[in-house]
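Below, each chain spelled out in residue letters.
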Amino acid sequence: MPLSLTILADTHLPKRAKILPAEVWAAVESSDVVVHAGDWTEAPLLDELEVRARRLIACYGNNDGPDLRRRLPLVATAELDGVRLAVVHEAGQKQGREGRMAALYPDVDVLVFGHSHIPWDTRAPSGLRLLNPGSPTDRRRQPSCTFMTAVLEAGALEVTTHSLPVR
């Protein structure tokens, strides 16, 4: 049976936005698993996702204070339908990222990261897939805010990047 995922990072609530966009909440509520790669900024969103998500896999980011760091790991890991997943906030500069992350995470199939606010979907020569959903609240230099959804079935991950309307 396929698993549906919503993949988030860099929500920065309430500094970049007061709430998550309705499109993101709709995805969260229809997903089997929600993945968040850090930079929550404050704990209320974590509290709400823990209630509204069927399953949450998450880490803290560089903008997250002691309260979030007590509750979340630096690196979150899980196995979903035989796919080994790791979630970390920072993956360093884009130059050489695939090779560095493959060396750091040799036993992982998919690495979700954040920090840059730039959507990213690539593979390392080792087969490691790297995903960054961008940010649903702070587009920085991107044309729009983004998040990802994915369907995992029989070990294959089909990922969609969603652009949100400018608010």
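Residues numbered from 1 in each chain as written. Predicted model: local features only at pLDDT ≥ 70, side-chain atom pairs only at ≥ 80, totals over all residues. Heavy atoms only, no water.

1. Observations concerning the overall build of the protein
On a plain count of helices and strands, the protein comes out with four helices and 10 strands. When the helices and strands of the protein are placed in sequence order, the string is β-α-β-α-β-α-β-β-α-β-β-β-β-β. Expected size for 167 residues packed as a compact globule is a radius of gyration near 15 Å; at 15 Å, the protein falls within 12% of this value. For the C-alpha atoms alone, the extent of the protein along its principal axes is close to 40 × 35 × 35 Å. Buried residues in the protein amount to 51% of all 167 residues. Counting contacts in the protein only where the partners sit at least 6 residues apart, residues at least 24 apart contribute 53% of the total. Between the mean site of the 19 positive side-chain charges and the mean site of the 21 negative ones, the protein shows a separation of 7 Å. (Helix = DSSP H or I, 4+ residues; strand = E, 2+ residues; numbered from the N terminus. Rg over C-alpha atoms; globule rule 2.2 N^0.38 Å. Buried < 20%, exposed > 50% of the residue type's maximum accessible area, 1.4 Å probe, protein only. Contact = heavy atoms within 4.5 Å. Lys, Arg positive; Asp, Glu negative; His and termini not counted. Charge placed at Lys NZ, Arg CZ, Asp CG, Glu CD.)

2. A closer look at the packing of aromatic side chains
Tallied over the full model, the rule gives zero aromatic pairs. Directly above the ring of Trp 25 sits Arg 52, whose terminal nitrogen or CZ lies 3.8 Å from the centroid. (Phe/Tyr/Trp six-rings, centres within 6.5 Å; stacked < 30°, edge-to-face > 60°. Lys NZ or Arg CZ within 6 Å of the ring centre and 35° of its normal.)

3. Some thoughts on the packing of helix α1 (residues 22-30) against helix α2 (residues 43-52)
Relative orientation of the contacting elements α1 and α2 amounts to 40°, with a least axis distance of 9 Å. One finds that α1 runs oblique with respect to α2. Contacts between α1 and α2 pair Trp 25, Val 28 and Glu 29 from the former with Leu 45, Glu 48, Leu 49 and Arg 52 from the latter. The residue makeup of the contact of α1 with α2, split by class, is four nonpolar, no polar and three charged. (Axes fitted to C-alpha atoms, helices over the stretch in contact; angles between N-to-C directions. Parallel < 35°, antiparallel > 145°, perpendicular 65-115°, else oblique. Nonpolar A, V, L, I, M, F, W, Y, C, P; charged D, E, K, R; others polar.)

4. Topic: the sheet that holds strand β6 (residues 110-112)
Backbone hydrogen bonds are what pair the strands of a sheet, in a parallel or an antiparallel way. The strand order β4-β5-β6-β8-β7 describes an open sheet built from five strands, whose pairing is mixed. Where the open sheet ends on each side, the last strands, each with one partner, are β4 (75-80) and β7 (120-123). Taking the axes of each pair of neighbouring strands and ignoring which way they run, one obtains an average angle of 15° across the sheet. Taken together, the four bridges between β7 and strand β8 (residues 129-132) define a ladder with antiparallel strand orientation. Bridging from a neighbouring strand, Arg 123 pairs with Arg 129 of β8. Sheet contacts for helix α4 (residues 97-104): β6, β7 and β8; angle to β7, the most-contacted strand, approximately 70°. (Pairing = 2+ DSSP bridges.)

5. What to know about the environment of Asp 107
Its location among the elements puts Asp 107 in the loop between α4 and β6. Judged by relative accessible area, Asp 107 falls into the exposed class, the value being 56%.

6. A few points about the pattern of salt bridges
Enumeration according to the criterion identifies eight salt bridges in this entry. Note that Arg 52 is salt-bridged to Glu 29, the shortest N-O span being 2.4 Å. Here the residue Arg 52 occupies a position in helix α2, and Glu 29 occupies one in helix α1, the gap between them amounting to 23 residues. Given a relative accessible area of 41%, Glu 29 falls into the partly exposed group. Between Arg 71 and Asp 47 there is a salt bridge, and its shortest N-O distance comes to 2.7 Å. Residue Arg 71 is located in helix α3 (residues 66-71), and its partner Asp 47 is located in helix α2; the two are separated by 24 residues in the primary sequence. For Asp 47, a relative accessible area of 35% puts it in the partly exposed group. The network of salt bridges with shared partners includes Arg 16, Asp 138 and Arg 140. (Salt bridge = Lys/Arg side-chain N within 4 Å of Asp/Glu carboxyl O.)

7. Focus on the pairing of strand β5 (residues 83-88)
Counting buried positions along β5 yields five of six residues, so the element is predominantly enclosed. Pairing between β4 and β5: six bridges, direction antiparallel. The residue of β5 that forms the bridge with Thr 77 is Ala 86. A loop of two residues connects β4 with β5, the two strands running antiparallel in sequence, and Asp 81 in this loop sits at a positive phi of about 50°. Relative to β6, β5 is paired through three bridges, and the arrangement is parallel. Across the sheet, the residue bridging to Leu 85 is Val 110, located in β6. The parallel pair β5 and β6 is bridged by α4, and the resulting crossover is right-handed. (Right-handed = clockwise from strand over helix to strand, strands pointing away.)

Worth remembering: the numbers are spatial, not functional.
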